[in-house]
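# Coordinates in review
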Amino acid sequence: ITLTLTLALAIVGMEWVTRVQKALLFLLIGSQIDFCVGTFFSSNIAEKAKGFTGWNMETAAANMKPNYQGETFWTVFGVFFPAVTGIVAGANLSGDLKDPATAIPKGTLGAIVVTYITYVVYGIMVGCTYLSAASGSIMEYNATIYGTWIEDGISRYDDCFSDERLTPCTSGTVYDQQTMATIS
């Protein structure tokens, strides 16, 4: 379906591409607002078991400590690469500008600043609202919250690096790449 829509846009011309980009901009702004608002609300116990705590200073303090799990230059590069390609794509639309010599440098630098701020703010938001590692088990979450995890003989949902843990953790920002979807 996506390929067919892309082909149709290529056939109808650049005027329609520009119109579609404006609609996409509003969708992207809406998703960013949804993410920001989502950091304040969660009543779903499954989200909490996955490590979503809402705004919490203990979560922020725990996430300030280094906890690298096999990250390399290329995995970090893979996160930032799409942002840069979007900026370059914007610069390639210079044919639609009245004064490209002035607009391209301003637009490119403005896009870099906005992208940088967005990435930093989202990193802080995720770090303050989501545990780096959690089991994802509702049973372990309930036992941890109600303080019965010792009597029940089960692991805490937020203690993923303990030697006593029998099952591996699958949630939290270290293990789950869908944390931003969970927050929003």
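Scroll up a little and you will see the structure.
Residues numbered from 1 in each chain as written. Predicted model: local features only at pLDDT ≥ 70, side-chain atom pairs only at ≥ 80, totals over all residues. Heavy atoms only, no water.

### Observations regarding the overall build of the protein
What counts is decided by this rule: By the criteria applied, helices consist of DSSP H or I runs no shorter than four residues and strands consist of E runs no shorter than two, each listed in order from the N terminus. Whether a residue is buried, partly exposed or exposed follows from its accessible area with a 1.4 Å probe, protein chains only, as a fraction of its type maximum: under 20%, in between, or over 50%, in that order. The contact definition used throughout considers only heavy atoms, calling two residues in contact when any of these lie within 4.5 Å. For every accessible area listed, the method is Shrake-Rupley and the probe measures 1.4 Å; residues are considered covered only by the protein chains on display. We score Asp and Glu as negative and Lys and Arg as positive, and we do not count His or the chain ends. Charged groups are reduced to one reference atom each: NZ for lysine, CZ for arginine, CG for aspartic acid, CD for glutamic acid.
Counting its regular elements, the protein contains nine helices and zero strands. Taken from N to C terminus, the helices and strands of the protein fall in the order α-α-α-α-α-α-α-α-α. Referenced to the eigenvectors of the C-alpha coordinate spread, the extents of the protein come out at roughly 70 × 35 × 30 Å. The buried share of the protein, taken over its 184 residues, is 22%. Within the protein, contacts between residues separated by at least 24 positions form 71% of all contacts whose residues are at least 6 apart in sequence. Per element, the accessible surface of the protein, about 12,700 Å² overall, is 68% carbon and sulfur. Between the mean site of the 9 positive side-chain charges and the mean site of the 15 negative ones, the protein shows a separation of 13 Å.

### Observations regarding the nonpolar core
Put simply, the rule reads: Here, the term nonpolar core denotes a set of buried Ala, Val, Leu, Ile, Met, Phe, Trp, Tyr and Cys residues that are joined through side-chain atoms within 4.5 Å.
The biggest cluster of nonpolar side chains holds seven residues, and these are Phe35, Phe52, Tyr122, Met125, Val126, Tyr130 and Ile183. The greatest single-element share of this core, amounting to three residues, is contributed by helix 6 (residues 100-129). Apart from residues no more than four positions distant in its own chain, methionine 125 is found in contact with Phe35, Cys36, Thr39 and Trp55. Listed in part, the five residues of the second largest apolar core include Ala49, Ala134, Tyr141 and Tyr157.

### Thoughts on the state of the cysteines
Selection criterion: In this description, a disulfide is simply a cysteine sulfur pair whose atoms lie within 2.5 Å.
One pass over the structure, following the stated rule, counts one disulfide. Between the sulfur atoms of cysteine 160 and its disulfide partner cysteine 169 the distance amounts to 2.0 Å. Across the S-S bond of cysteine 160 and cysteine 169 the torsion is about -95°, and the bridge reads as left-handed. The same class applies to cysteine 160 as to cysteine 169, namely buried. In this structure cysteine 36 is not part of a disulfide, and its nearest cysteine sulfur, from cysteine 128, lies 13 Å away. Judged by relative accessible area, which is 27%, cysteine 36 ranks as partly exposed. The class for cysteine 128 is buried, based on a relative accessible area of 16%.

### Some thoughts on the pattern of salt bridges
Inclusion rule: For salt bridges, the criterion is a side-chain nitrogen of Lys or Arg within 4 Å of an Asp or Glu carboxyl oxygen.
Under the counting rule described, the total for this entry stands at two salt bridges. A salt bridge links arginine 165 to glutamate 140; the shortest N-O distance between them is 3.0 Å. Of this pair, arginine 165 sits in the loop between helix 8 (149-152) and helix 9 (179-183) while glutamate 140 sits in helix 7 (residues 138-145); the two residues are 25 residues apart in sequence, bridging distant segments of the chain. For the pair shown, arginine 165 and glutamate 140 are each scored as buried.

### Describing helix 6
Put simply, the test is: One less than the number of residues in a helix, times 1.5 Å, gives the span that helix is expected to have.
For helix 6, with 30 residues, the first-to-last C-alpha span of 42 Å sits near the 44 Å given by 1.5 Å per residue. Within helix 6, the full set of buried residues consists of Thr118, Tyr122, Met125, Val126, Gly127, Cys128 and Thr129.

### Examining the side chain of serine 155
Counting through the fold element by element, serine 155 comes out in the loop between helix 8 and helix 9. Assessed through its relative accessible area of 17%, serine 155 is described here as buried. Serine 155 has contacts with Glu140, Thr144, Glu164, Arg165 and Leu166, leaving out every residue within four places of it along the chain.

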